[in-house]
Amino acid sequence: MHQWSRTLIPTTREAPKDAEVPSHVLLHRAGFIRPVGAGIYDYLPLAHRTINKISAIVREEMEAAGASELLMPALEPFELFKDTKRDEAYGDNLFRVMDRKKRMNALAPTHEEVITELMRGCISSYKQLPLNLFQIQTKFRDEARPRAGLLRCREFLMKDAYSFHSKLEGPGGLNETYDAMYAAYTNIFTRCGLDFSAVEAESGPIGGSASHEFMVNCASGEDTVLKCKASGYAANVEKCEIGPRKAPSAGYFVGEPTGTLEEVHTPGLPGIEDVAKHMKVKPENMLKTIVFKVESTPEEKAKFGEEWIIAVVRGDHDVNEGKVRDISGCKIALADPKEAEAKGFAIGFVSPRAAVGKAGVLLLVDRDAAVGFDDAKGKSMFWVTGGDKKDYHIKHFNWVRDFGKDPLAAQAHAADKGYAQGGLRGGDKYLVVGDVRNALAGDPSPRAAGSNLETGRGIEVGHIFKLGTKYSEAMGLQVPDEKQQRSTVIMGCYGIGVSRTMAACVEMSHDENGILWPVALAAYHVVLTIMDVGSARQQAEAKQLATQLSAQGLDVLIDDRDERPGVKFKDADLIGIPVRLVLGDKALDAGGVEFKLRKDTQGKGGVVAMGEVVAAVVGAVNG
RNA sequence: CAGGGUGUAGCUCAGCUUGGUAGAGCGUCUGGUUUGGGUCCAGAAGGCCGCAGGUUCAAAUCCUGUCACCCUGACCA
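A. Layout of unusual backbone geometry. Residues Leu129 and Pro130 are joined by a peptide bond in cis, for which omega reads 5°. Within the secondary structure layout, Pro130 lies in the loop between helix H5 (112-122) and strand E8 (131-140). Backbone geometry at Lys102 places phi at a positive 65°, although glycine is not the residue there.

B. Quick look at the sheet that holds strand E22 (residues 392-397). Judged by pairing direction, the sheet is antiparallel, and its three strands sit side by side in the order E14-E22-E21 without closing on themselves. Each having just a single partner strand, strand E14 (262-265) and strand E21 (383-386) make up the two edges of the open sheet. For this sheet, the mean inter-axis angle between neighbouring strands, taken without regard to orientation, is 30°. Relative to E22, E21 is paired through three bridges, and the arrangement is antiparallel. Note on E22: the bridge partner recorded for Trp383 is Phe397.

C. Structural context of the side chain of Arg561. Among the structural elements, Arg561 can be located in the loop between strand E31 (556-559) and helix H17 (565-575). Taking the relative accessible area as the measure of exposure, Arg561 reaches 14% and is therefore buried. Only 3.0 Å separates the side chain of Arg561 from the side chain of Asp559, close enough to count as a polar contact. Here Arg561 is in contact with Trp4, Ser5, Val533, Lys568 and Asp571, once residues within four sequence places are set aside.

D. Inspection of the packing of helix H1 (residues 22-29) against helix H15 (residues 498-508) at higher detail. Closest axis-to-axis distance for the H1/H15 pair is 8 Å, and the angle between their directions is 105°. By the angle between their directions, the pair H1 and H15 is classed as roughly perpendicular. Contact with H1, carried on its side by Pro22, Ser23, His24, Leu26 and Leu27, involves Ala503, Val506 and Glu507 of H15 and no other residues of that element. Residue classes in the contact of H1 with H15 are distributed as five nonpolar, two polar and one charged.

E. Structural detail: the environment of His393. Within the secondary structure, His393 is located in strand E22. A C-alpha to C-alpha distance of 48 Å links His393 and Thr469, two positions 76 residues apart in sequence.

F. Focus on the protein's contact with RNA strand B. What surrounds RNA strand B is a group of 32 residues, the closest being Arg13, Arg141, Arg152, Asp573 and Glu594. In RNA strand B, the atoms that sit within 4 Å of the protein are 46% sugar and phosphate, with bases accounting for the remainder. Between a phosphate oxygen of RNA strand B and a side-chain N or O atom of Arg145, the distance comes to 2.6 Å. Within the contact set of RNA strand B, a base oxygen lies 3.0 Å away from a side-chain nitrogen or oxygen of Arg580. Those elements that place two or more of their residues in the surface near RNA strand B are H17 and strand E33 (592-597). Counting residues per element, the surface near RNA strand B draws most heavily on H17, at eight residues. Here the residues of the surface near RNA strand B sort into 13 nonpolar, one polar and 18 charged.

G. Inspection of the packing of aromatic side chains at higher detail. Inspection of every chain in the model, using the stated rule, returns nine aromatic pairs. An angle of 35° between the planes, with centres 5.5 Å apart, marks the rings of Phe32 and Trp517 as tilted. Here the residue Phe32 occupies a position in the loop between H1 and strand E2 (33-37), and Trp517 occupies one in the loop between strand E29 (514-515) and strand E30 (526-530), the gap between them amounting to 485 residues. Given a relative accessible area of 0%, Phe32 falls into the buried group.

Calculation criteria
- Residues numbered from 1 in each chain as written.
- Chains lettered and ligands numbered in written order.
- Predicted model: local features only at pLDDT ≥ 70, side-chain atom pairs only at ≥ 80, totals over all residues.
- Heavy atoms only, no water.
- Helix = DSSP H or I, 4+ residues; strand = E, 2+ residues; numbered from the N terminus.
- Pairing = 2+ DSSP bridges.
- Axes fitted to C-alpha atoms, helices over the stretch in contact; angles between N-to-C directions.
- Buried < 20%, exposed > 50% of the residue type's maximum accessible area, 1.4 Å probe, protein only.
- Polar contact = N/O pair within 3.5 Å; in protein donor to acceptor, adjacent residues only side chain to side chain.
- Contact = heavy atoms within 4.5 Å.
- Parallel < 35°, antiparallel > 145°, perpendicular 65-115°, else oblique.
- Nonpolar A, V, L, I, M, F, W, Y, C, P; charged D, E, K, R; others polar.
- Near = heavy atom within 4 Å.
- Phe/Tyr/Trp six-rings, centres within 6.5 Å; stacked < 30°, edge-to-face > 60°.

As structure tokens, then:
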């Protein structure tokens, strides 16, 4: 049991002006955190207690799933990152520290390199695998823009686990451990009392194997999630597939021109919305073109030369970079404007015509943009797109007339296949129709015919990932297998943002008076509010009750501050303790104390007889 | 990294346009008052006006530079 007057809970009436999101405001006001620098925070006693509770749950479930805890250093020699090239991949996000010998070190953003190096020296046989090791430790990332309090920090607490396998399938394989981690994460976030979803996530260009994110469902979340109720499919928008869309009845691209091609001067209009407004059309009548540069290896460049990809989607849609990458089969990056303009692309004003007659340019057209006839309206489509020169757009773009019938005809087979695989190196193709945009609410489900996707927002608190051999390959982690062949170890990694989980919980669960902690994460289960601290009787009763509650394994906070009742009630609500017991003369005279749950916002609760209080609190806490 | 904004008391902010030597509310401390949802009254302490240059008789205020923090975007295993 702790006394409020003997610990540090600096509640405030107002939050700092720069705090905007609820978790930031409330964690500050409730005395959980204080800023130290950009994206760096003090974790005060309440926060520390809550974080310890999250950590304890994580530990239990990780151990139960067969993982062992260890602790690796946060400070690492910089050379470690060279083998995996993550000194470059992380770029400025990697904190660099020069030591007295002028040697460069890194503050670890994550520990793949360290643990792979560790394993290289510790295991020498496939018989020692599988292994799953985890730690709970402070991570450092020099984020370009830390924001939203604890949700995006430069220093934060993370549980990171790494598993090692000699095979993918079967007992002891990566897939088995991955599934075990999926189950463990589900247990962890369920026990934390969070409303969450496990969703398919973008697994990046390496390997293309499975990856799931665990998202706390919350309208203020940074990530967009799509779900199909019928099939249970759920995915991050970065990853979400779109089910078969209805093909245009007349065929792709086919439609009569809606008028003669007309150039319009559109200077100083930065966004598609502005251009649409200026040209008096809807964004859905515009074609949005995004230019990507293929990032080839030197060998590829020698063979294929410089390569570009132009993705075309409807103006009200967004290009999905992962889908462009997957369909083209190329590593890509948004084109550098200067470089692209040198190639003849008027960035910001590119139309599909820009691809015509240029070698090494692939045009990827989203299915919704690859039409010329509006079936719903029963007439040809009206398209506005770039004018292929600075500050100009064109009206009445028609695919067949203005892009060219021959190139379209040559690709009819690709369009019919729908999700055509192709691209620059698939032959002579330079136009492919497919799914290259972000999914939206109402889009067809990719897993259940006739069902539609729904959207929600989420905060990513966990991410599990099949790494494959990315790190073991780069760092030479191999063990001999049954046949005495050296084989590269297969890895998985599994992260949980512990400090972010605390903040996400507040985002998910608060009201106008403060935080509502789930019992499992509450810094204290119960707060005893002493009405008159000058009353020896109230003090004695409080102490006795607190002792009884503590004996039941409950965490008890006694508000023994010499404050007016109103102040104490406000603070109790603010810091969000699930159960409040008020010790005042009125209730004591009636032989009890006042019992109120934080989630019951109305009224002041009822009097519970002294002999039944402990059972009542235990009952409330247990569920 | 680009664009925008802000740095004045522990917190929220006013003062700056039009230079004249520092203000309010909340919080803190003292005394009184009050005592079931952030009482009321009186008094007090508390500031290198982010930092460094410059202009001026005089700078929180004008100029230059710099640092820090925040917002939007880019970025984000």
